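Descriptive structure summary
Listed below are the residues making up each chain.
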Amino acid sequence: MAIHLARRMERVQPNAIGELLALGADPSIISFGGGYPDPTLFPTEALGQVMAEVIAAPGGQSMQYAPSDGLPELREQVAALMRADGTPCDAADVLILQGSQQGLDFAARMLVDPGDVIVTEDPTFLGGRIAFDPCEPVYAPVPMDADGMRMDLLERVLETQPRVRMIYTIPEFQNPTGVTLSMERRQRLIALANAHDVVVLEDTPYRQIRFSGETLPTLKSLDTEGRVIHLGSFSKVLVPGLRVGWAVAAPALRAKMALLKLANDTQTSTLNMAATSLFLKRYDLSAHVATLCAAYARKKAVMLDAMRRHFPQDVQVTDPEGGLFTWATFRDGFDAEAFMRDVALPEARVAYVPGGSFHPVTERANTARFNYSAQSEARIEEGIAALGAALKRHA
């Protein structure tokens, strides 16, 4: 039976994220692929206590329906976190999401018609493309350097592409490169968005995971015209399984996103929102984040040291000041996807993410993303050594 599918489904295709989730579940493979936090650092005991308490709340209130835009107390707590981070924010500005990934979907559906242009960093987060693709956009990728998206090239895109509707950026410890957008470029980005009447979608899932360097202001805190949509998440700083994130936006944009939220899933899980809220009330989130930062800083150092010792000398890797990833660039002509399929997985039993899928228009086969947060330090050393040996054998 032939079923007619909507045209948008042509853009909804299998992707590396689903494959990586499967690889992450195979204990025989050392996976540097997914954006997994370290499960040994989950606050399991504390979450167990708060979950039991919210389940036992009188009247079953934590298991009942809740306001579509989120529990009021949690929205106030998120607003307080934003203010502590230097971003003016009230509870009324906050929309609780089913993970910040949902915010990517809502922003695109709210702003982008088929054929409209989305500006992204090049490379960019694969999950962003997965969220945006059903809206049938045209992508205008802007190359990056050590200071993030190049503003001279962004300006050229904005001057030549009249249908740009959104600039998507991960300013801190960008996924996949680990690069951070400099202060000067943050200011220039806001100025360009204002001049060309474009919305900026600021995605910040790794912002709190900083272990060196200076904390820079959010783009939202620099927003002078209410055109920045800020997305945040508890997935990397608490646990991803709760699927609790948020959007902060100007009233008109937030209201439209709230309507999409109601249509999409009615609300984020009341139980998970209540548990997150009680955790924030009962425990010191900043102390927990400090523990994560210390652990991930050590793991990054182990991975980069192992790469320097075991990889061919012509492999270049980024040295991020935070986040979960480093980005490797191999020699010209190297195919990271073919190498993983033909050598890394069967011989070294190691997985990473080939870089081609992170490029929205022109794929570059000689790049790859490596996650250092999920594996133990010993497994990082073991996996990078095995992969390095395989690279040298097949150079």
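The notes below deal with the structure included here. (Residues numbered from 1 in each chain as written. Predicted model: local features only at pLDDT ≥ 70, side-chain atom pairs only at ≥ 80, totals over all residues. Heavy atoms only, no water.)

1. Structural notes on the sheet that holds strand S6 (residues 164–169)
Operational definition: Paired strands, as defined in this entry, are two strands with at least two bridges between them according to DSSP. Here a strand is any run of E in DSSP of at least two residues, a helix any run of H or I of at least four, and the numbering for each starts at the N terminus.
Reading across from one edge, S2-S9-S8-S7-S6-S3-S4-S5 is the order of the 8 strands in this open sheet, with mixed pairing throughout. Of all strands in the sheet, those bounded by a partner on one side alone are strand S2 (94–97) and strand S5 (148–149). Bridging between strand S8 (residues 228–233) and strand S9 (residues 245–248) involves 4 bridges; their strand directions are antiparallel. Residue pairing for S9: Gly232 is matched across the bridge by Trp246.

2. Digging into the packing of helix H2 (residues 44–55) against helix H10 (residues 270–282)
The angle between the axes and the distance between the axes are what describe a pair of packed helices. Let me state the cut-off plainly: Where helices are involved, their axes are fitted lines through C-alpha atoms of the stretch in contact, as for all axes, and angles between N-to-C directions lie from 0 to 180°. Any angle that is under 35 degrees is reported as roughly parallel, and any over 145 degrees as roughly antiparallel; angles of 65 to 115 degrees are reported as roughly perpendicular and all others as oblique. Left-handed is the label given to a crossing in which the near helix is rotated counterclockwise from the far helix by less than a right angle, and right-handed is the label when the rotation is clockwise. Contacts: residue pairs with any heavy atoms within 4.5 Å of one another.
Between H2 and H10, whose axes approach to 9 Å, the crossing angle comes to 120°. Considering the angle they form, H2 stands oblique to H10. The handedness of the crossing between H2 and H10 is right-handed. Together, Ala46, Leu47, Val50, Met51, Glu53, Val54 and Ile55 of H2 and Leu271, Asn272, Ala274, Ala275, Leu278, Phe279 and Arg282 of H10 make up the contact between the two elements.

3. Focus: the pattern of salt bridges
The condition is simple: Salt bridges are identified by distance alone: a Lys or Arg side-chain nitrogen within 4 Å of an Asp or Glu carboxyl oxygen. Only protein chains enter the area calculation, which uses a 1.4 Å probe; residues under 20% of their type maximum are buried, those over 50% are exposed, and those in between are partly exposed.
Applying the stated criterion to the full structure yields 27 salt bridges. Put simply, Asp105 and Arg109 hold a salt bridge, and the shortest N to O gap is 2.9 Å. Here Asp105 pairs with Arg109, and both are found in helix H4 (residues 100–111), just 4 residues apart, close to one helical turn. Of the residues examined, Arg109 reaches a relative accessible area of 37% and is grouped as partly exposed. Notably, a salt bridge pairs Asp197 with Arg227, separated by 3.3 Å at the nearest N-O pair. With Asp197 in the loop between helix H7 (183–196) and strand S7 (199–203) and Arg227 in the loop between helix H8 (219–222) and S8, this residue pair connects regions lying 30 residues apart in the sequence. Owing to a relative accessible area of 60%, Asp197 belongs among the exposed residues under this scheme.

4. Re the packing of aromatic side chains
The description of two aromatic rings rests on the distance between their centres and on the angle between their planes. Here is the rule: By convention, a stacked pair of Phe, Tyr or Trp rings (six-membered ring in the case of Trp) has centres within 6.5 Å and planes under 30 degrees apart, an edge-to-face pair has planes over 60 apart, and any other such pair is tilted.
One pass over the structure, following the stated rule, counts 10 aromatic pairs. An angle of 85° between the planes, with centres 5.7 Å apart, marks the rings of Tyr206 and Phe325 as edge-to-face. Here Tyr206, found in the loop between S7 and H8, pairs with Phe325, found in strand S11 (residues 325–329); they are 119 residues apart in sequence, far enough to count as distant. In this structure, Tyr206 and Phe325 share a single accessibility class: buried. Among the aromatic residues, those joined into a cluster by ring pairs are Phe32, Phe311, Tyr352 and Phe370.

5. Section: the sheet that holds strand S10 (residues 316–317)
Strand order in the open sheet made by the 4 strands is S10-S11-S14-S13, with antiparallel pairing throughout. Each edge of the open sheet carries a strand with a single partner, namely S10 and strand S13 (353–354). For S13 and strand S14 (residues 367–371), the ladder comprises 2 bridges, and the chain directions are antiparallel. Its bridge partner lying in S14, Val353 is registered against Arg369.

6. Considering the packing of H4 against helix H9 (residues 251–265)
Under the convention used in this document: Classification used: nonpolar for Ala, Val, Leu, Ile, Met, Phe, Trp, Tyr, Cys and Pro, charged for Asp, Glu, Lys and Arg, polar for all others including Gly.
Two elements in contact, H4 and H9, have axes separated by 10 Å at closest approach and are oriented at 115°. Compared by their axis directions, H4 and H9 come out roughly perpendicular. Between H4 and H9 the crossing geometry is right-handed. Here Gln102, Gly103, Asp105, Phe106, Ala107, Arg109 and Met110 of H4 come into contact with H9, specifically with Leu253, Lys256, Met257, Leu260, Lys261, Asn264 and Asp265. Residue classes in the contact of H4 with H9 are distributed as 6 nonpolar, 3 polar and 5 charged.

7. What to know about the environment of Ala258
Tracing the sequence through the fold places Ala258 in helix H9. A residue is classified by how much of its surface remains accessible, and Ala258, at 18% relative accessible area, is buried. Taking the C-alpha atoms as reference points, Ala258 and Val94, separated by 164 residues in sequence, lie 9.8 Å from one another. Excluding residues that lie within four positions of it along the chain, Ala258 makes contacts with Ser68 and Leu95.

8. Section: the side chain of Arg129
In plain terms, the rule: In this tally, Lys and Arg are treated as positive and Asp and Glu as negative; His is ignored, and so are the chain termini. Contacts described as polar in this section are N or O atom pairs within 3.5 Å, which, within protein, must combine one atom able to donate a hydrogen with one able to accept it, while residues neighboring in sequence count only if both atoms come from side chains.
If you trace the backbone, Arg129 turns up in helix H5 (residues 126–132). Despite its burial, Arg129 remains without a salt bridge, the nearest opposite charge being carried by Asp133 at 4.9 Å. Engagement of the side chain of Arg129 in a polar contact is seen with the backbone oxygen of His359, the distance being 3.4 Å. Beyond its immediate sequence surroundings of up to four residues, Arg129 is in contact with Thr124, Tyr139, Ser357, Phe358, His359 and Pro360.

9. Side note on a nonpolar patch on the surface
This is how it is decided: Each patch groups residues whose relative accessible area exceeds 30% and which form no salt bridge, using 9 Å between like charges and 5 Å between nonpolar side chains of Val, Leu, Ile, Met, Phe, Trp and Tyr. Areas reported as accessible are Shrake-Rupley estimates using a 1.4 Å probe. Residue values count occlusion only from the protein chains shown.
Together, Ile3, Leu5, Met9 and Val12 give the surface a local cluster of nonpolar side chains, amounting to about 380 Å² of exposed area. A relative accessible area of 37% means that Met9 is categorised as partly exposed.

10. Quick notes on the environment of Val164
Along the polypeptide, Val164 turns up in strand S6. For Val164 and Gly115, which are 49 residues apart along the polypeptide, the C-alpha to C-alpha distance reads 9.6 Å. Residues in contact with Val164, not counting those within four places in the same chain, are Val117, Val119, Val157, Leu158 and Val198.

11. Observations regarding unusual backbone geometry
In this structure, Pro123 follows Asp122 across a cis peptide bond, with omega equal to 10°. Looking at the element boundaries, Pro123 is found in the loop between strand S3 (117–122) and H5. Across the junction of Asn175 and Pro176, the peptide omega takes the value 25°, indicating a cis bond. Phi at Asp197 takes a positive value of approximately 55°, unusual for a residue other than glycine. Positioned with a positive phi, Thr266 is a non-glycine residue whose angle comes to about 70°. As for its position among the elements, Thr266 is in the loop between H9 and H10. A residue is classified by how much of its surface remains accessible, and Thr266, at 37% relative accessible area, is partly exposed.

Interpretation in functional terms is not warranted from these geometric data alone.
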